[in-house]
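# Observations on the model geometry
Now for the letters of each chain:
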Amino acid sequence: MLTTTAHPAQEAPAIGGLSPGVRRITLDAAGIPLSALLSEPADGHPPRATVVALHGGGMSAGYFDGQAHPDVSLLTLAARLGYAVLALDRPGYGASAPHLPTGQHLLEQVATVRLALADAQAHHVSGPLFLLAHSFGGKLALALAADAPPDTLVGLDVSGCGHRPAASASLLGRGERTGLRRLNWGPLRLYPDGTFREAGAVVAPMPGQEIESAQEWSALSSRLLPCVRVPVRFTFAEHEAWWSQSDADLADLAERLSAAPRVLVDRLPGAGHNISLGQAARVYHLRALAFLDECLDDGAGPAAP
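In this report, the structure presented in the accompanying data block is examined. (Residues numbered from 1 in each chain as written. Predicted model: local features only at pLDDT ≥ 70, side-chain atom pairs only at ≥ 80, totals over all residues. Heavy atoms only, no water.)

## Here's the deal with the overall build of the protein
Heads up, the rule is: By the criteria applied, helices consist of DSSP H or I runs no shorter than four residues and strands consist of E runs no shorter than two, each listed in order from the N terminus. The globule rule used for comparison is 2.2 Å times the number of residues to the exponent 0.38, while the radius of gyration itself is calculated over C-alpha atoms. We call a residue buried when its accessible area falls under 20% of the maximum for its residue type, exposed when it is over 50%, and partly exposed in between, using a 1.4 Å probe and counting protein chains only. A contact between two residues is defined here by any heavy atoms of the two lying within 4.5 Å. Only the protein chains shown count as cover for residues, with accessible areas throughout obtained via the Shrake-Rupley method and a probe of 1.4 Å. Charged-residue counts in this description rest on Lys and Arg as positive and Asp and Glu as negative, His and the chain ends being excluded. Charge positions come from single atoms, namely NZ of Lys, CZ of Arg, CG of Asp or CD of Glu.
Across its full length, the protein carries nine helices and eight strands. Taking 2.2 N^0.38 as the reference for a compact globule, 305 residues should give roughly 19 Å; the C-alpha atoms of the protein span a radius of gyration of 18 Å, in line with that estimate. Taking the principal axes of its C-alpha atoms as reference, the protein extends roughly 45 × 45 × 40 Å. A total of 305 residues make up the protein; the buried ones form 56% of that total. Excluding contacts between residues fewer than 6 apart, the proportion of contacts in the protein whose partners are at least 24 apart in sequence is 82%. About 12300 Å² of surface is accessible on the protein, with carbon and sulfur atoms providing 54% of the total. A distance of 5 Å separates the average location of the 22 positive side-chain charges in the protein from that of its 29 negative side-chain charges.

Listed below in structure tokens is the structure:
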């Protein structure tokens, strides 16, 4: 039985719904629609920054608005702290799935997401952009940062993604066979009651081209990581099983980001791979937003308008 500590004044959201203050929007990426979830500060003040949240393989934007417990949602927490959050359904998921039935390779996703973000900045969001990404979304965030025009990103925070695999990416796309449940979730006790009842509204098939691209990450990361020129923070869950995370592994990862002005690597106790759906989600999100605060205070990236 999964357990969590409930706050008596809070009420769990309805199954399959959205948290209060979160709304659905659709962005235009040169004719390809990308669906997204958007939350903004409730006080009406301009956000200090916009967090662009990028989900992992086999998930959706709802990963960042977990419904099993009110403490889990990044979108509501960040809005309370003065930030906007734009959680995208990456190319091949959500509204774009009928247009991209086999998805896109990683570098194709970079081009599509950049177009969608331009549309978002023109019509929906303001302030500097900060990427917060999980698993395959972390690969996309690093690729976006490696190819970003100067002064377009303030920084990025990545969880569930490294550069030295501890399990073969060839296992992807095989449902829950061959131990994928352990790889994707870790111990089930780490998640609030109702997490797996709600999971049907969050999970989605992983497109074929994305699976192929995941298997090429080791080679791609060697080329992309040295080109990232903004502050980066990595978080590795205690029970992360997809990525090697010895001290030597993490030191090598940081060294490869040779152009980044700052690289932090954190380990999160009591968490599995899907950190933002677990009982440790609030701790992780607060640490990620604190890092964003530091990036803004350091003056890295574009200044807020």
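## Topic: the nonpolar core
Operational definition: Residues belong to one nonpolar core when they are buried, are Ala, Val, Leu, Ile, Met, Phe, Trp, Tyr or Cys, and are joined through side-chain atoms within 4.5 Å.
Formed by 60 residues in total, the largest nonpolar core has its most connected members in Leu86, Leu88, Leu142, Leu156 and Val228. For this core, the leading source of residues is helix α3 (residues 136–146), giving eight residues. When neighbours within four sequence positions are excluded, Leu86 is seen to be in contact with Ile25, Leu27, Ala36, Leu37, Leu38, Thr50, Val51, Val52, Ala53, Leu117 and Ala120.

## So, the layout of surface pockets
Stated formally: Lining residues are those with an atom within 4 Å of a point, where the points come from a 1 Å grid over the protein atoms alone and group into cavities, where a 1.4 Å probe fits but cannot get out, or pockets, open sets with protein on both sides within 12 Å along at least five of seven lines. Grid points are joined across faces, edges and corners, and a volume is the space filled by probe spheres set on the points. Charged means Asp, Glu, Lys or Arg here, nonpolar means Ala, Val, Leu, Ile, Met, Phe, Trp, Tyr, Cys or Pro, and polar covers whatever is left, Gly included.
By volume, the second largest pocket amounts to about 290 Å³. As for the second largest pocket, its lining consists of 21 residues, of which Gly17, Ser60, Gly62, Ala201 and Val202 are closest to the centre. Tallied by class, residues from the lining of the second largest pocket come to 10 nonpolar, seven polar and four charged.

## Concerning the sheet that holds strand β2 (residues 32–39)
Sheet strands pair by backbone hydrogen bonding; their relative direction is either parallel or antiparallel. The criterion, for reference: The pairing criterion for strands is at least two bridges between them, as found by DSSP. Axes, fitted as lines to C-alpha atoms, cover a helix only where it is in contact. Angles between the N-to-C directions of the axes lie from 0 to 180 degrees.
Judged by pairing direction, the sheet is mixed, and its eight strands sit side by side in the order β1-β2-β4-β3-β5-β6-β7-β8 without closing on themselves. Edge positions in the open sheet fall to β1 (22–29) and β8 (263–268), since each of these has one partner strand only. Direction aside, neighbouring strands of the sheet carry axes that sit 20° apart on average. With six bridges connecting them, strand β5 (residues 129–134) and strand β6 (residues 153–159) associate as parallel partners. Paired with Phe130 across the strands is Gly155, a residue of β6. Relative to the sheet, α3 contacts β3 (50–54), β5, β6 and β7 (232–237), its axis offset from that of β5 by approximately 145°. Along the sheet face, helix α9 (residues 281–298) touches β3, β5, β6, β7 and β8 and points at about 155° away from the line of β6.

## Concerning the pairing of β1
In this sheet, β2 lies alongside β1 in antiparallel orientation, the contact comprising eight bridges. Looking at β2, one finds that Asp28 is bridged to Pro33. Count of turn residues in the β1/β2 antiparallel hairpin: two residues, of which Ala30 carries a positive phi of about 55°.

## Notes on the packing of aromatic side chains
This is how the line gets drawn: Side-chain rings of Phe, Tyr and Trp, where Trp is taken by its six-membered ring, are said to pair if the distance between their centres is within 6.5 Å; with planes under 30 degrees apart they count as stacked, over 60 as edge-to-face, and otherwise as tilted.
Considering all chains together, one arrives at six aromatic pairs under this definition. Centroid distance Tyr191 to Phe196: 5.7 Å. Interplanar angle 65°. Geometry classified as edge-to-face. We classify Tyr191 as buried; its relative accessible area is 1%. Measuring from centroid to centroid gives 6.4 Å for Phe234 and Phe236, while their planes differ by 25°, and the two rings are stacked. Its relative accessible area of 0% is what places Phe234 among the buried residues. Taken together, the ring pairs connect Trp185, Tyr191 and Phe196 into an aromatic cluster.

## Digging into helix α8 (residues 247–256)
Applicable threshold: Each C-beta atom gives one direction from the helix axis, and the arc is the one those directions make.
Residues of α8 that are buried: Asp249, Leu250, Asp252 and Leu253. Along the long axis of α8, the arc covered by the buried residues comes to 160°, so they all point the same way. Along α8, the residues that are exposed and aim more than 90 degrees away from the buried face are Asp247, Ala248 and Glu255. Looking at the packing, one finds that the buried side of α8 touches β7 and β8.

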